[in-house]
Amino acid sequence: EAGVAQSPRYKIIEKRQSVAFWCNPISGHATLYWYQQILGQGPKLLIQFQNNGVVDDSQLPKDRFSAERLKGVDSTLKIQPAKLEDSAVYLCASSLIAGGTDTQYFGPGTRLTVL
Amino acid sequence: GDSVTQMEGPVTLSEEAFLTINCTYTATGYPSLFWYVQYPGEGLQLLLKATKADDKGSNKGFEATYRKETTSFHLEKGSVQVSDSAVYFCALSKQQAAGNKLTFGGGTRVLVKP
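Residues numbered from 1 in each chain as written. Chains lettered and ligands numbered in written order. Predicted model: local features only at pLDDT ≥ 70, side-chain atom pairs only at ≥ 80, totals over all residues. Heavy atoms only, no water.

(A) Spotlight on the confidence of the model for chain A. Mean pLDDT over chain A works out to 93, with 97% of the residues at or above the 70 mark. Mean pLDDT values over the elements of chain A span from 91, in strand 6 (residues 53–56) of chain A, up to 98, in strand 8 (residues 75–79) of chain A. (pLDDT = per-residue confidence, 0-100. Helix = DSSP H or I, 4+ residues; strand = E, 2+ residues; numbered from the N terminus.)

Spelled out as C-alpha cells, the structure:
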C-alpha cells in the first residue's frame, strides 16, 4: 500500500515570495491534515479536511496561508507571502476517518527555508 | 487547552541499556495516547498507541501504559539497539466536533552508542 506522498521534498525561497506544497493521501483515507513542524518542536496542526470540507483551521494564519482539497483526494497548501518564521517542515498526514483513536499516517514532509 | 510534556533530550545510551522517556499530558475528557518515532531523514511513524486507561501499547520491544491517575504515558524499552537512535514524540488525540488533531510534545532525541 502506497503511503502519503508529498512534493517537493525541499524548497528554498526568498521572503515575500509564494510557495505551494502538494500532498496525496493514502487511497481511501477521508481525512487529511497539514502540520507545521518548526525545528526542535513537535508538529502543530494547521488545517484538517474531512473529504473536501474543512473541519479545523483554527491555527491556520489565514492572512498568508491557504489550503484546498477540491475533489476530496489530494491537497495543496500555499503560503503567500512567506515570512522568515515560516521556515519549517510541512507535514501532511491522512487517516481513514476522523475518530480520536484513529492512526494518522504521515508523509515525508517538505522542508521550507525562507531567506 | 490540551498539552503534552515530555522529557528533554538528548538521551545518550549504550547499546543494550534500558530506555525510559517520560511523557505526561493535560487534557479534558478521554484522549487517546500515541508515541511516534522519527528516524534520521524519514517521516513520522506510529510506534504504538493506547486508547483507554490501563491499556498497554507495544511494538518493536517498546511499551507504554496509559495511566489516567498520573496522566502519564511513559515509553520504555528493555534493551536498546543502535538502530533505535531517533526522535520520539508523545502525542494525544480526542474525538470532538472540531476535529481530532494530534497534540504533540516537543520530542526527545535518543542516541544509542555501540
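Text resumes after the structure shown.
(B) Here's a closer look at the side chain of Thr-103 of chain B. Along the chain, Thr-103 of chain B turns up in strand 11 (residues 103–104). Contacts of Thr-103 of chain B, omitting those with residues within four sequence positions, involve Asp-2, Ser-3, Val-4, Cys-90, Ala-91 and Leu-92 of chain B. (Contact = heavy atoms within 4.5 Å.)

(C) Representation of the sheet that holds strand 1 (residues 5–7) of chain A in the model. All names here are of chain A. Reading across the sheet, the four strands line up as 1-3-8-7 and stay open at both edges, with antiparallel pairing between neighbours. Of all strands in the sheet, those with a lone pairing partner are strand 1 and strand 7 (65–68), marking the two edges. Each strand axis lies, on average, 15 degrees off the axis of its neighbour in the sheet, ignoring direction. Looking at chain direction, strand 7 and strand 8 are connected through four bridges and run antiparallel. Across the sheet, Glu-68 pairs through a bridge with Thr-76, a residue of strand 8. (Pairing = 2+ DSSP bridges. Axes fitted to C-alpha atoms, helices over the stretch in contact; angles between N-to-C directions.)

(D) Up close: the sheet that holds strand 3 (residues 19–21) of chain B. All names here are of chain B. Pairing within the open sheet is antiparallel, and its four strands lie in the order 3-9-8-7. Unpaired on one side and paired on the other, strand 3 and strand 7 (56–59) mark the two borders of the sheet. Ignoring which end each strand starts from, the neighbouring axes of this sheet average 15 degrees apart. Strand direction decides the pairing type here: strand 8 (residues 62–65) and strand 9 (residues 75–77), joined by three bridges, are antiparallel. In the sheet register, Phe-62 faces strand 9, and the bridge partner there is Lys-77.

(E) Summary view of the packing of aromatic side chains. Inspection of the entire model under this criterion finds twelve aromatic pairs over all chains. For the ring pair Tyr-35 of chain A and Phe-104 of chain B, a centre distance of 6.0 Å and an interplane angle of 85 degrees mean the geometry is edge-to-face. Taken as a pair, Tyr-35 of chain A in strand 4 (residues 31–37) and Phe-104 of chain B in strand 11 lie in two separate chains rather than in one. Side by side, Tyr-35 of chain A and Phe-104 of chain B carry an identical accessibility label, which is buried. A centroid spacing of 6.4 Å and a plane angle of 40 degrees characterise the contact between Phe-65 of chain A and Tyr-90 of chain A, whose relative ring orientation is tilted. (Phe/Tyr/Trp six-rings, centres within 6.5 Å; stacked < 30°, edge-to-face > 60°. Buried < 20%, exposed > 50% of the residue type's maximum accessible area, 1.4 Å probe, protein only.)

(F) Spotlight on the state of the cysteines. Residues and elements named next belong to chain A. This structure, assessed with the given rule, holds two disulfides over all chains. What pairs with Cys-23 in a disulfide is Cys-92, and their sulfur atoms sit 1.9 Å apart. Residues Cys-23 and Cys-92 share a disulfide whose torsion about the S-S bond is about -70 degrees; that sign makes it left-handed. Taken together, the residues Cys-23 in strand 3 (residues 19–24) and Cys-92 in strand 9 (residues 88–95) connect sequence positions 69 residues apart. (Disulfide = S-S within 2.5 Å.)

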